[in-house]
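Coordinate inspection notes
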Amino acid sequence: MFRALCGLTLAASMASAETHHFRPTMGHPTFAVRPPVLTVKPGDVLESESLWGEWYEKAGGQWPGEVGPIAIEGAEPGDTLVVEILKVRPNHDTAVSTQGGRFGALVPDGGTAMLNDMFPRGRYVWRIDRQRMTGTVDLPGSAMKSITVPLQPMLGRVAVAPEGDMSFDGLWPGRFGGNMDASDVREGTTVYLPVFHDGALFYFGDGHALMGDGEVCGSGLETSMDVAFRFGLLKKKTIAWPRFEDAEYLMVAGSARPLSDALRIAFVELIDWLVADYGFDKADVYQLVSQVAVIRVANMVDPLYTVVAKFPKRFLPPRVPASGAAGGSPGVRLGEIPWPEAERLLTPERVVVLPLGAGSKEHGPHLPLGNDLILAEYEAGRVVAARPVALLPTLTYGHYPNFVEYPGTVSLSADTQRNVVAEICRSIARYGPRRFYVLNTGVSTLPPLQAAAKELAREGILMRFTDPLRAGKAAEDEVRQQKWGTHADEIETSMILFMQPAAVRMDRAVADGERVRSGPLTRDPRRTDRHYSPSGVFGDPTLATWQKGERITEATIAAILKDVDDLALAALPRR
């Protein structure tokens, strides 16, 4: 990550961190220097909410303003403020999107003279299902009278107080952040902002339950949010424009008019970042960025337009962790490093993790065939971020005989599953590692994995694996409402709602499989030797919520990390 690779450290010990609960009662219409409403230390977590007001409740209502400023102790001009976004979740059941008049990308505005009439003003009120993370809106003039879409909550405005005595209306973006309306500002993203004043003076607001690129009509699904941030500082690290980072990309936001100038700002700053912190030559990275970068037009409606230039992190130089097999240091993805680095990494003490998740297996009408791959990749990402493991690419095929009647399902025989896993472990074991952990997301894969573990033990290789029926079970038992089910059900759907809500089509979820029979699932009502489920669901996914998914997922991750730690210390079997 940026803060780890730049050679600087966060200016606080996490051991002394506090969690602050702050409920705002008033907002500000501008980003400016003013007395802070709260002071926190680097490493502290803030749990709060963006403001709700009459703008959301009636046409022509007053905008509630932005929350802040929050002062960060020790922040000085020339530092960089680090804001890890831990939570952005809607806290109301409606969202509003307005359009027309002289505000929007496709209508004449105050700065662009046009002969055509103003577009009619409109106000759409979306119904938010906070449990299922969907939004529904009526389309009265269309053949399709309503539509339901998955939500992707984000914050339109994160900012520090601008330079000097400048004050900017809440609609403005700039070097200080502000109303960038970048949908990358969401859970899992770290935002970096330049500090211009003591304390940094951080503001936030403008929650969007969903917003398309460009914010073309002038608004997203505007609503208020429950939020959580963790703050940090990069001392004496100066940046010119806001930067973002998530699991996949390094990003820079540039704001200007015309749009081409915003693009140039974003890319120049991105190239400077890659040169300064990642060892690239400027000419070389100009070439590389030109071929692999991704562009997001964040907004084309505000006083300044915003473009986000994104560099895929898979093209960054590899980071090889220090030797050792346990602890809280990040690991490395083997597929992203060349063999000389792998040779240094693959020591006898290293734990090697193999994720196993079906890339194509039925999960009812509401979940994708790649559901288990989502689970495996998410859990693998958490493990490699928390432990110094060597992470293998995900194995996307396994033994899934219970679902073969449903088109799209791919299933290997039990013997093939056993042999594939054993051969993968043997392949890596020849270079030194003797401890392997299969991050398993299936149930029918358990017997072949057990057989592979016994086979490898005879060769002095220790292999363990996740039992999804046990990992996180206590949390499952606490939140479970369904009376039956283990597949595409309340539990599994809740986890995907938490991990990747856009992958779930809750409007298609159905409860099925109540009459429990032994054997595989079947779509044939005439079969009495199998479990009848015309939908492919065994359970009640209509009860799923992302809140349940969060509890189950965190408990599951904790169990997996304990498995990895235990494996790192376990005695190896004798050959």
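Please refer to the structure placed before this passage.
Residues numbered from 1 in each chain as written. Predicted model: local features only at pLDDT ≥ 70, side-chain atom pairs only at ≥ 80, totals over all residues. Heavy atoms only, no water.

1. Considering the environment of Thr522
- Relative to the helices and strands, Thr522 is located in strand E27 (residues 521-522).
- Counting along the chain gives 327 residues from Thr522 to Val195, while the straight-line C-alpha distance between them is 61 Å.
- Once residues within four sequence positions are removed from consideration, Thr522 is found in contact with Glu405, Tyr406, Arg527, Arg530, His531, Tyr532, Ser533 and Pro534.
- For Thr522, the side chain forms a polar contact with the side chain of Glu405, separated by 2.9 Å. (Helix = DSSP H or I, 4+ residues; strand = E, 2+ residues; numbered from the N terminus. Contact = heavy atoms within 4.5 Å. Polar contact = N/O pair within 3.5 Å; in protein donor to acceptor, adjacent residues only side chain to side chain.)

2. Considering the packing of helix H6 (residues 414-429) against helix H7 (residues 446-457)
- Between H6 and H7, the shortest axis-to-axis distance is 8 Å and the interhelical angle comes to 45°. One element, H6, and the other, H7, form an angle in the oblique class. At the point where H6 passes H7, the crossing takes the right-handed sense. Residue-level contacts link Ala414, Gln417, Arg418, Val421, Ala422, Cys425 and Arg426 of H6 to Pro448, Leu449, Ala451, Ala452, Glu455 and Leu456 of H7.
- Here the contact of H6 with H7 is built from residues that sort into 9 nonpolar, 1 polar and 3 charged. (Axes fitted to C-alpha atoms, helices over the stretch in contact; angles between N-to-C directions. Parallel < 35°, antiparallel > 145°, perpendicular 65-115°, else oblique. Left-handed = near helix turned anticlockwise from the far one by under 90°. Nonpolar A, V, L, I, M, F, W, Y, C, P; charged D, E, K, R; others polar.)

3. Points about the pairing of strand E4 (residues 45-49)
- Sheet topology note: the strand E1 (residues 19-21)/E4 ladder contains 3 bridges and is parallel. Bridge pairing links His20 to Leu46 in E4.
- For E4 and strand E17 (residues 225-234), the ladder comprises 5 bridges, and the chain directions are antiparallel. Bridged to Leu46 within E17 is Phe229. (Pairing = 2+ DSSP bridges.)

4. Observations concerning the pairing of strand E25 (residues 435-440)
- A large share of E25 lies buried, amounting to 6 of its 6 residues.
- Taking every second residue as pointing to the same face, both faces of E25 are buried, with Arg435, Tyr437 and Leu439 on one and Phe436, Val438 and Asn440 on the other.
- In this structure, strand E23 (residues 351-356) lies alongside E25, joined through 6 bridges in parallel fashion. If you follow Val353 over to E25, its bridge partner there is Tyr437.
- Once the chain exits E25 it traverses H7 before rejoining the sheet at strand E26 (residues 462-465), and the crossover so formed is right-handed. (Buried < 20%, exposed > 50% of the residue type's maximum accessible area, 1.4 Å probe, protein only. Right-handed = clockwise from strand over helix to strand, strands pointing away.)

5. Quick word on the nonpolar core
- Residues Ile72, Leu81, Phe202, Phe229, Phe231 and Phe244 are the most contacted members of the largest nonpolar core, which totals 69 residues.
- Sorting elements by how many residues they give to this core places helix H9 (residues 490-499) first, with 6 residues.
- Here Phe231 is in contact with Val40, Pro42, Gly43, Asp44, Leu46, Ile70, Ile72, Leu81, Val82, Val83 and Phe202, once residues within four sequence places are set aside. (Core = buried A, V, L, I, M, F, W, Y, C linked by side-chain atoms within 4.5 Å.)

6. Examining the sheet that holds strand E20 (residues 294-299)
- The sheet built from 9 strands is open, its strands ordered E1-E4-E17-E6-E15-E18-E19-E21-E20 with mixed pairing. Every interior strand has two partners, whereas the edge strands, E1 and E20, have only one. Across the sheet, the mean angle separating the axes of adjacent strands is 25° when strand polarity is ignored.
- With 3 bridges joining them, strand E18 (residues 243-245) and strand E19 (residues 249-256) adopt antiparallel strand pairing. Note that in E19 the partner of Arg243 across the bridge is Val252.

7. Brief notes about unusual backbone geometry
- The residue after Gly68, namely Pro69, is reached through a cis peptide bond having omega 0°.
- The backbone phi angle of Asp181 is positive, close to 55°, even though this residue is not glycine.
- By the secondary structure assignment, Asp181 is in the loop between strand E14 (177-178) and strand E15 (190-194).

8. Some remarks on the sheet that holds E26
- Reading across the sheet, the 5 strands line up as E22-E24-E23-E25-E26 and stay open at both edges, with parallel pairing between neighbours. Unpaired on one side and paired on the other, strand E22 (332-333) and E26 mark the two borders of the sheet.
- Where helix H5 (residues 371-386) meets the sheet, its contacts fall on E22, E23, strand E24 (390-391) and E25, and the angle it forms with E23 comes to roughly 165°.
- Strand contacts of H7: E23, E25 and E26, with the helix running at about 165° to E26, the strand carrying the most contacts.

9. Here's the deal with the pattern of salt bridges
- Evaluated as defined, the whole model comprises 38 salt bridges.
- A salt bridge links Lys235 to Asp79, with the nearest nitrogen and oxygen atoms 2.7 Å apart. With a gap of 156 residues between them, Lys235 in the loop between E17 and E18 and Asp79 in the loop between strand E5 (67-72) and strand E6 (80-90) connect regions that are remote in the sequence.
- Lys548 is paired through a salt bridge with Glu490; the nearest N and O atoms lie 2.6 Å apart. Remark: Glu490 occurs in helix H9 and Lys548 occurs in helix H10 (residues 546-569); sequence separation between them is 58 residues. An identical accessibility class is assigned to Lys548 and Glu490; each is buried.
- Connected through salt bridges with shared partners, the residues Asp415, Arg418, Glu423, Arg426, Glu455 and Glu459 form a single ionic network. (Salt bridge = Lys/Arg side-chain N within 4 Å of Asp/Glu carboxyl O.)

10. Remarks on the side chain of Glu269
- In this fold, Glu269 is placed in helix H2 (residues 259-278).
- Residue Glu269 is classed as buried on the basis of its relative accessible area of 7%.
- A distance of 3.0 Å separates the side chain of Glu269 from the side chain of Arg243, its partner in a polar contact.
- Once residues lying within four places of it in the same chain are set aside, the contact partners of Glu269 are Ile239, Ala240, Trp241, Arg243 and Val252.

11. Quick look at H7
- Helix length check: H7 (12 residues) gives 16 Å between terminal C-alpha atoms against 16 Å at 1.5 Å per residue, within 8%.
- Among the residues of H7, Leu446, Pro448, Leu449, Ala452, Ala453, Glu455 and Leu456 are the ones counted as buried. (Expected span 1.5 Å × (residues − 1).)

12. Structural notes on the packing of aromatic side chains
- Summed over all chains, the structure comprises 17 aromatic pairs.
- Note on Trp55 and Tyr56: the rings are 5.3 Å apart at their centroids and 85° apart in plane angle, and the pair reads as edge-to-face.
- Given a relative accessible area of 17%, Trp55 falls into the buried group.
- A relative accessible area of 5% places Tyr56 in the buried class.
- Ring geometry for Phe202 against Phe229: centres 5.4 Å apart, planes inclined by 80°, an arrangement best described as edge-to-face. Pair noted here: Phe202 is in strand E16 (residues 202-208) and Phe229 is in strand E17, with a separation of 27 residues, a long-range link. Phe229 carries the same exposure label as Phe202, and that label is buried.
- Among the aromatic residues, those joined into a cluster by ring pairs are Phe31, Phe168, Trp172, Phe176 and Tyr203.
- In this arrangement the basic side chain of Arg89 is found over the ring face of Trp546, its NZ or CZ atom lying 3.8 Å from the centre.
- When the ring centre of Tyr249 is taken as origin, the NZ or CZ atom of Lys310, which lies over that ring, is 4.5 Å away. (Phe/Tyr/Trp six-rings, centres within 6.5 Å; stacked < 30°, edge-to-face > 60°. Lys NZ or Arg CZ within 6 Å of the ring centre and 35° of its normal.)

Functional significance is not addressed by these values, which are geometric in nature.
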